[in-house]
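Breakdown of the fold
So you can see what is in the structure, the chains are spelled out below.
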Amino acid sequence: VFTMPQALQSAGYKTGLFGKWHLGDEEEYLPTSRGFDEVLMHGAGGIGQTRYGDFPPNEENLYFDNILLHNDTIVQTKGFCTDVFFDAAESWIKKQEEAKQPYFAYVALNAPHAPLVAPDKYKKRFLELGYDEGTAGRYGMIENIDDNFGELMQKLEAWDALENTIVIFMTDNGATHLKGSLNGKKITHFNANLRGGKNSPFEGGTHVPAFWYWKGKFEEGVDVDGLTAHIDMYQTFCELAGVKLPENMQELSSRSLVPL
């Protein structure tokens with residue numbers, strides 16, 4: 001198997017993964033063996049899900065001060081997991097920018113996801129509005145991502161990177177934990193008025209955001225209604241980066257999105 005990060009490496013790109021991997025924890029399946037130069041990741045399952053293979057200490061303090069794998073070293077981190085992954089990604093991106101080195105940064109967050117845990121300062125206003133603890137954690141995680149993503153965009157702008165960088169914000173499946181309460185009354189959370197949610201074949205489980213930004217290159221406020229999927233990024237990135245794929249490799253079922 002010739003992976004997408006390996007393809008980008010072959011075209012001179014440095015590659016970094018920050019967050020979730022979920023493709024195997026054995027040596028030969030780790031991201032460092034599959035095309036990533038820089039890695040900061042949690043174990044299999046979610047953070048604290050030790051029955052699937054995450055580090056046992058993470059059960060004690062879910063999403064805070066977690067034990068993670070940094071390349072080939074197990075490390076103790078400090079702070080909320082989403083902040084940790086963004087901070088690590090930004091630090092690595094800054095080094096690539098300073099070296100004028102093309103790069104692919106894959107920030108694969110474990111949040112927003114059960115368990116619904118967020119820093120108290122992010123839960124506070126939702127609890128004050130009367131939402132239940134789980135809903136406050138869920139919305140708190142989302143606002144924390146918003147803040148981190150906004151900070152990343154500001155830094156890319158400050159580093160004069162946006163004219164030469166495609167930024168993609170997307171998710172992998174539709175919403176989950178769609179029930180909660182507000183001031184004691186049961187409510188259903190907003191899911192873009194789509195039927196179903198995570199694990200459903202309906203649009204609520206499969207139709208997800210994919211926002212693409214390239215300053216000065218992509219028009220803004222444009223909807224592309226073609227049916228696409230995450231697998232299409234492989235050939236899209238290869239075309240944009242000028243990758244020459246090897247003749248002997250797996251067949252790709254994806255398509256390039258460049259024409260769109």
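Residues numbered from 1 in each chain as written. Predicted model: local features only at pLDDT ≥ 70, side-chain atom pairs only at ≥ 80, totals over all residues. Heavy atoms only, no water.

**Topic: the overall build of the protein chain**
- Regarding its fold elements, the protein chain presents six helices and nine strands.
- On C-alpha atoms alone, the protein chain measures out to a radius of gyration of 19 Å, which is about the 18 Å that the 2.2 N^0.38 rule sets for 260 residues.
- Taken along the three principal axes of its C-alpha coordinates, the protein chain extends 60 × 45 × 40 Å.
- Counting across all 260 residues of the protein chain, residues that qualify as buried make up 38%.
- Put simply, of all contacts in the protein chain between residues at least 6 apart along the chain, 54% involve residues at least 24 apart.
- Just so you have it, the protein chain exposes about 15400 Å², and 51% of that area is on carbon and sulfur atoms. (Helix = DSSP H or I, 4+ residues; strand = E, 2+ residues; numbered from the N terminus. Rg over C-alpha atoms; globule rule 2.2 N^0.38 Å. Buried < 20%, exposed > 50% of the residue type's maximum accessible area, 1.4 Å probe, protein only. Contact = heavy atoms within 4.5 Å. Areas by Shrake-Rupley, 256 points an atom, 1.4 Å probe, with all protein chains shown as cover.)

**A look at helix α6 (residues 233-241)**
- For α6, the full list of buried residues reads Met233, Tyr234, Thr236, Phe237, Cys238 and Ala241.
- As for α6, its buried residues are in contact with α1 (4-10), β5 (103-108), β6 (167-170) and β9 (210-213).
- At the exit of α6 stands Gly242, carrying a positive phi of roughly 70°.

**Quick word on a negative patch on the surface**
- Residues Asp25, Glu26, Glu27, Glu28 and Asp72 make up a contiguous surface patch of negative charge.
- By the element assignment, Glu27 lies in the loop between β1 (14-19) and β2 (38-41).
- For Glu27, a relative accessible area of 58% puts it in the exposed group. (Patch = residues over 30% accessible without salt bridge, like charges linked within 9 Å, V, L, I, M, F, W, Y side chains within 5 Å. Salt bridge = Lys/Arg side-chain N within 4 Å of Asp/Glu carboxyl O. Lys, Arg positive; Asp, Glu negative; His and termini not counted. Charge placed at Lys NZ, Arg CZ, Asp CG, Glu CD.)

**Considering a nonpolar patch on the surface**
- Together, Val222, Val224 and Leu260 make up a nonpolar patch on the protein surface, roughly 280 Å² of accessible area in all.
- Mapped onto the elements of the fold, Val224 is located in the loop between β9 and α6.
- Exposure remark for Val224: the relative accessible area of 48% places this residue in the partly exposed category.

**A word on the pattern of salt bridges**
- For the coordinates displayed, the defined rule picks out nine salt bridges.
- Residues Lys123 and Asp120 are paired through a salt bridge, measuring 3.8 Å at the closest nitrogen-oxygen approach. A residue pair is termed a helical-turn pair when its members lie 3 or 4 positions apart in one helix, as Lys123 and Asp120 do in helix α3 (residues 120-129) at three residues.
- What makes Lys123 buried here is its relative accessible area of 11%.
- On the basis of relative accessible area, Asp120 is assigned to the exposed category, the value being 60%.
- With a closest N to O distance of 3.7 Å, Lys215 and Glu157 form a salt bridge. Residue Lys215 is found in the loop between β9 and α6, and its partner Glu157 is found in helix α4 (residues 133-158); the two are separated by 58 residues along the sequence.
- With relative accessibility at 45%, the residue Glu157 sits in the partly exposed group.

**Section: the packing of α3 against α4**
- Taken N-terminus to C-terminus, the directions of α3 and α4 make an angle of 130°; their axes are 8 Å apart at the nearest point. As the angle between them shows, α3 and α4 are arranged oblique. Of the two elements, α3 crosses α4, and the hand of that crossing is right-handed. Counting all contacts with α3, which are made through Tyr122, Lys123, Arg125, Phe126 and Leu127, the residues of α4 involved are Glu133, Ala136, Gly137, Tyr139, Gly140, Glu143, Asn144 and Asp147.
- Taken together, the residues of the contact of α3 with α4 break down into five nonpolar, three polar and five charged. (Axes fitted to C-alpha atoms, helices over the stretch in contact; angles between N-to-C directions. Parallel < 35°, antiparallel > 145°, perpendicular 65-115°, else oblique. Left-handed = near helix turned anticlockwise from the far one by under 90°. Nonpolar A, V, L, I, M, F, W, Y, C, P; charged D, E, K, R; others polar.)

**Focus: α3**
- Residues Tyr122, Lys123 and Phe126 constitute the buried set of α3. All buried residues of α3 project into a common sector of 85° when viewed along the axis, lining one side. For α3, the exposed residues lying more than 90 degrees away from the buried face are Asp120, Lys121 and Glu128.
- Turning to α3, the residues buried within the fold contact α4.
- One or two residues past the end of α3 sits Gly130, with phi positive at roughly 105°. (Arc of directions from axis to C-beta.)

**Re the sheet that holds β1**
- With mixed pairing, the five strands of this open sheet are ordered in space as β4-β3-β2-β1-β5. On the outer flanks of this sheet lie β4 (73-76) and β5, each paired with one strand and no other. When strand polarity is set aside, the average angle formed by the axes of neighbouring strands in this sheet is 15°.
- Direction of pairing for β2 relative to strand β3 (residues 67-70): antiparallel, over a ladder of two bridges. Among the inter-strand pairings, Met41 is bridged to a residue of β3, identified as Leu69. (Pairing = 2+ DSSP bridges.)

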